[in-house]
Amino acid sequence: MVTKIGKEEIIKECAELIKKGEIVAFPTETVYGLGANALDENAVKKIFVAKNRPSDNPFIVHVNTIEDAEKVAFVTEDAKKIFEKFSPGPITVVLKKKPIVPDCVTAGLDTVGIRMPSHRLAQEFLRECGVPIAAPSANVSKKVSPTEAQFVYDDLNGKIPAIIDGGRCDVGIESTVISLAGDRPIILRPGAITKEMLEEHITGVSNFSGKVDVAPAPGMKYVHYSPIVPCVLYRTTNGAMTEYDLRQAEGKNPIILAESEDCKIFNSKGYNCVDLGKDSNQFMHEIFAKLRICEKKYDYIIVQALGNEGVEYGIMNRLLKSSGGVIV
Ligand code: TXA
Ligand code: MG
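Residues numbered from 1 in each chain as written. Chains lettered and ligands numbered in written order. Predicted model: local features only at pLDDT ≥ 70, side-chain atom pairs only at ≥ 80, totals over all residues. Heavy atoms only, no water.

### Comments concerning the packing of aromatic side chains
Right, on to step 1. Tallied over the entire structure, the rule returns four aromatic pairs.
Right, on to step 2. Both rings, one in F26 and one in F125, keep their centres 5.1 Å apart while their planes meet at 35 degrees; by these two values the pair is tilted. Of this pair, F26 sits in strand β2 (residues 24–26) while F125 is found in helix α6 (residues 120–129), placing the two residues 99 residues apart along the sequence.
Right, on to step 3. Judged by its relative accessible area of 0%, F26 falls in the buried class.
Right, on to step 4. The class of F125 is buried, set by a relative accessible area of 0%.
Right, on to step 5. It is K98 that lies over the ring of F74; its NZ or CZ is 4.9 Å from the centre. (Phe/Tyr/Trp six-rings, centres within 6.5 Å; stacked < 30°, edge-to-face > 60°. Helix = DSSP H or I, 4+ residues; strand = E, 2+ residues; numbered from the N terminus. Buried < 20%, exposed > 50% of the residue type's maximum accessible area, 1.4 Å probe, protein only. Lys NZ or Arg CZ within 6 Å of the ring centre and 35° of its normal.)

### Remarks on the pairing of strand β15 (residues 300–304)
Right, on to step 1. In terms of burial, β15 is largely enclosed, as five of its five residues are buried.
Right, on to step 2. Burial along β15 is two-sided: the residues Y300, I302 and Q304 and I301 and V303 are all buried.
Right, on to step 3. Note that strand β13 (residues 254–258) and β15 share four bridges and pair parallel. Residue pairing in the sheet places L257 in a bridge with V303 of β15. (Pairing = 2+ DSSP bridges.)

### A few points about the side chain of R189
Right, on to step 1. Position of R189 relative to the elements: it lies in strand β10 (residues 186–189).
Right, on to step 2. It turns out R189 is buried and unbridged, and the closest side chain with the opposite charge, E174, is 4.7 Å from it. (Lys, Arg positive; Asp, Glu negative; His and termini not counted. Salt bridge = Lys/Arg side-chain N within 4 Å of Asp/Glu carboxyl O.)

### Let's talk about the pattern of salt bridges
Right, on to step 1. Scanning the model with the defined rule gives 25 salt bridges in all.
Right, on to step 2. Two residues, K19 and E16, come together in a salt bridge whose shortest N-O distance is 3.3 Å. Taken together, the residues span about one helical turn, with K19 and E16 both in helix α1 (residues 11–19) at a distance of three residues.
Right, on to step 3. On the basis of relative accessibility, which here comes to 48%, the residue K19 falls in the partly exposed class.
Right, on to step 4. Of the charged contacts in the structure, one is a salt bridge between D68 and K71, with a shortest N-O distance of 2.9 Å. Placement of both D68 and K71 in helix α3 (residues 66–72) is noted, with a separation of three residues, approximately one turn of the helix.

Structure (structure tokens):
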């Protein structure tokens with residue numbers, strides 16, 4: 001299969017592919033998604049094949065409006081508040097599903113994750129498709145989520161008919177996933193919409209903690225977000241340089257990924273470092289892209305560990321998975 005890449009001029013053609021039961025990669029403000037008609041079981045199954053993804057991990061369903069969300073889920077009052085405040089945007093709300101949603105979308109759960117993306121091309125694509133779109137991130141399973149069309153191409157070339165290129169994703173990590181389907185709101189996956197932001201609108205929000213049998217959110221059961229080369233985190237610049245020296249002595253070609261302030265220190269001392277920007281929002285925007293680029297050029301990645309407040313909590317959630325929790 002030849003994989004076509006184009007910008008907004010291929011949206012209509014891609015929507016036709018979706019209506020025919022095909023799958024298409026499209027940009028969102030978080031990461032690229034690999035979409036299928038959420039109401040077409042056979043189409044959704046093609047996503048598992050292309051991604052090599054286990055089928056007990058549920059997909060998010062993407063729509064443009066609350067009215068469209070109500071066709072697939074029971075939208076509670078709290079959910080309406082969250083959608084009205086943060087959608088379109090980087091948040092997914094898990095709600096009780098309606099019977100119209102096939103089991104293969106929700107991994108047999110009685111709930112469905114609903115998201116309204118804010119990327120202009122995502123919205124246009126959803127409008128043209130006219131059906132809810134089930135979409136995981138458009139990477140091969142276990143790899144870092146793609147934040148550029150080229151990264152989707154690197155993973156899925158030849159496996160899907162088309163990729164809509166909407167440029168680099170603004171946010172850079174996957175949406176916050178909050179479940180409003182149980183007794184209390186639980187954040188299943190932290191992201192750019194933080195616990196603090198959600199707490200301004202609904203009460204009793206907590207972060208998920210506990211053991212997972214079925215995977216209620218990505219990375220809880222399966223390894224996710226991993227670069228193809230070893231990756232560790234550092235807390236102090238000295239720690240990073242010691243690790244770098246050690247790996248270099250082993251004959252490796254390491255790279256450090258850090259915020260600008262630390263990067264200046266490393267560069268002044270002759271250590272190779274990629275600058276992730278001057279604050280945590282820039283860090284979030286850059287991290288997946290830089291992991292993807294560096295895993296091709298280097299064979300050992302050392303990333304700056306962040307704190308636990310605000311968006312840093314979500315970024316650290318991904319970094320701990322990338323590194324298997326190893327901090328030097
Ligand atoms: O930003 C994003 O969320 C991107 C873009 C494409 O929208 N999508 C994304 O999808 O990251 P994915 O499949 O890589 O991660 C979505 C995760 C699922 O793995 C799942 O665990 C959780 O959201 N999820 C979806 N439906 C759920 C449900 N019914 N109950 C609990 N968790 C759910
Ligand atoms: Mg994913």
